[in-house]
Amino acid sequence: MSLDSYLLSEEPRYYPSADEVALYSAAYDMRLPVMLKGPTGCGKTRFVEHMAWKLGKPLVTIACHEDMTASDFVGRYLLGPDGTYWQDGPLTKAVRDGGICYLDEIVEARQDTTVIIHALTDDRRILPLEKKGELIKAHPDFQLVISYNPGYQSVLKDLKESTKQRFCALDFDYPVPEIEADIVASEAGLNLKDAERLTKIAGKSRNLRGQGLDEGASTRMLIHAGRLMTTGLPIAAACQFALIIPITDDPEMRSTLAAAVDACI
């Protein structure tokens, strides 16, 4: 598959909250690797998509998980009609041809796997393919971006210091209520008044973080609820379906969240 197929044809909407666009642009100008830190569903991936579109660069996204191996990143030998052949992985495609490679939730991948990015994040900018006996010098347009959620950190799921210190970093959080309501209204096609109600509900759920919830409702969840409401579903039912049940299995916490919804409608 050509790297051109990873080009974004339409602008992903993104609402800047500070100077993150300028900072990222400066990092890209210098081809410095960037790390995005923030809670799930707060807009990290949308930000990378927006920047890739703005820069006109292909965006290769890899959703990391615990079963990933180095071969899933760099490629592997496959068996074809004419014998074995090498197939580049998504990271190798971006390195060879000059795309932005985004490793989403990198802490979900095994640490012994993620060390393969080290040589790409310093002045060497190289990717060794040990199985193929090849050393790839990164294309001048290549950039590496990673994201992770510090709220999920644990002894077993954290980035090594030797990895963290190779990246510039941007902190992300949920937008302020006024902007979040605009985002929900725009993305869901919902009226602003109902979007503001959903934002208030989200605020109450986020206050429960650490008191029974690992995280509050994300902006993504609010958009889902808003889209359901545009079909005619009442706000309480939409929140129960898109927000409360997904976020917790605890009956008492579900009751608490349902009460928060009732208080906001």
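Residues numbered from 1 in each chain as written. Predicted model: local features only at pLDDT ≥ 70, side-chain atom pairs only at ≥ 80, totals over all residues. Heavy atoms only, no water.

An unreviewed UniProt entry lists the chain under the name CbbQ-like protein, from Roseobacter litoralis. The chain has a UniProt comment under Sequence similarities (unreviewed entry) that states "Belongs to the CbbQ/NirQ/NorQ/GpvN family." (UniProt positions renumbered as here; feature names shortened; annotations may be inferred.)

Our next topic: the packing of aromatic side chains. Summed over the entire model, instances satisfying the criterion amount to four aromatic pairs. Judged by centre distance (5.2 Å) and plane angle (55°), the rings of F47 and F172 are tilted. With F47 in helix α2 (residues 44-55) and F172 in the loop between β9 (168-171) and α7 (177-188), this residue pair connects regions lying 125 residues apart in the sequence. Both residues of the pair, F47 and F172, belong to the buried class. Three or more aromatic residues joined by ring pairs make a cluster, and in this case those are Y14, Y24, F47 and F172. The ring of Y174 is capped by R206, whose NZ or CZ atom sits 3.7 Å from the centre of that ring. (Phe/Tyr/Trp six-rings, centres within 6.5 Å; stacked < 30°, edge-to-face > 60°. Helix = DSSP H or I, 4+ residues; strand = E, 2+ residues; numbered from the N terminus. Buried < 20%, exposed > 50% of the residue type's maximum accessible area, 1.4 Å probe, protein only. Lys NZ or Arg CZ within 6 Å of the ring centre and 35° of its normal.)

Once that is clear, we can look at the domain arrangement of the chain. If you check the domain split of the chain, you get domain 1 (3-171) and domain 2 (177-263). If you average the C-alpha positions of domain 1 and of domain 2, the two centres end up 31 Å apart. Taken together, the contact pairs nine residues of domain 1 with nine residues of domain 2. Surface buried jointly by domain 1 and domain 2 totals about 840 Å² across both partners, of which 45% is contributed by carbon and sulfur atoms. Here domain 1 is connected to domain 2 by one salt bridge. Put simply, E187 and R46 hold a salt bridge, and the shortest N to O gap is 3.1 Å. Between the two partners, domain 1 and domain 2, sit six residue pairs in polar contact (both at pLDDT 80 or more). In terms of residue class, the side of domain 1 that touches domain 2 is made up of four nonpolar, three polar and two charged. (Domains from an automatic or database assignment. Contact = heavy atoms within 4.5 Å. Buried area = accessible area lost by both parts, 1.4 Å probe. Salt bridge = Lys/Arg side-chain N within 4 Å of Asp/Glu carboxyl O. Polar contact = N/O pair within 3.5 Å; in protein donor to acceptor, adjacent residues only side chain to side chain. Nonpolar A, V, L, I, M, F, W, Y, C, P; charged D, E, K, R; others polar.)

Turning our eyes to something else, we now look at helix α8 (residues 192-206). For α8, with 15 residues, the first-to-last C-alpha span of 21 Å sits near the 21 Å given by 1.5 Å per residue. For α8, the full list of buried residues reads D194, A195, L198, T199, I201, A202, S205 and R206. One face of α8 carries all of its buried residues, which in axial projection span an arc of 160°. Of the exposed residues in α8, the ones pointing more than 90 degrees away from its buried face are K193 and K200. Those residues of α8 hidden inside the fold are in contact with α7, α9 (219-229), α10 (235-247) and α11 (251-264). (Expected span 1.5 Å × (residues − 1). Arc of directions from axis to C-beta.)

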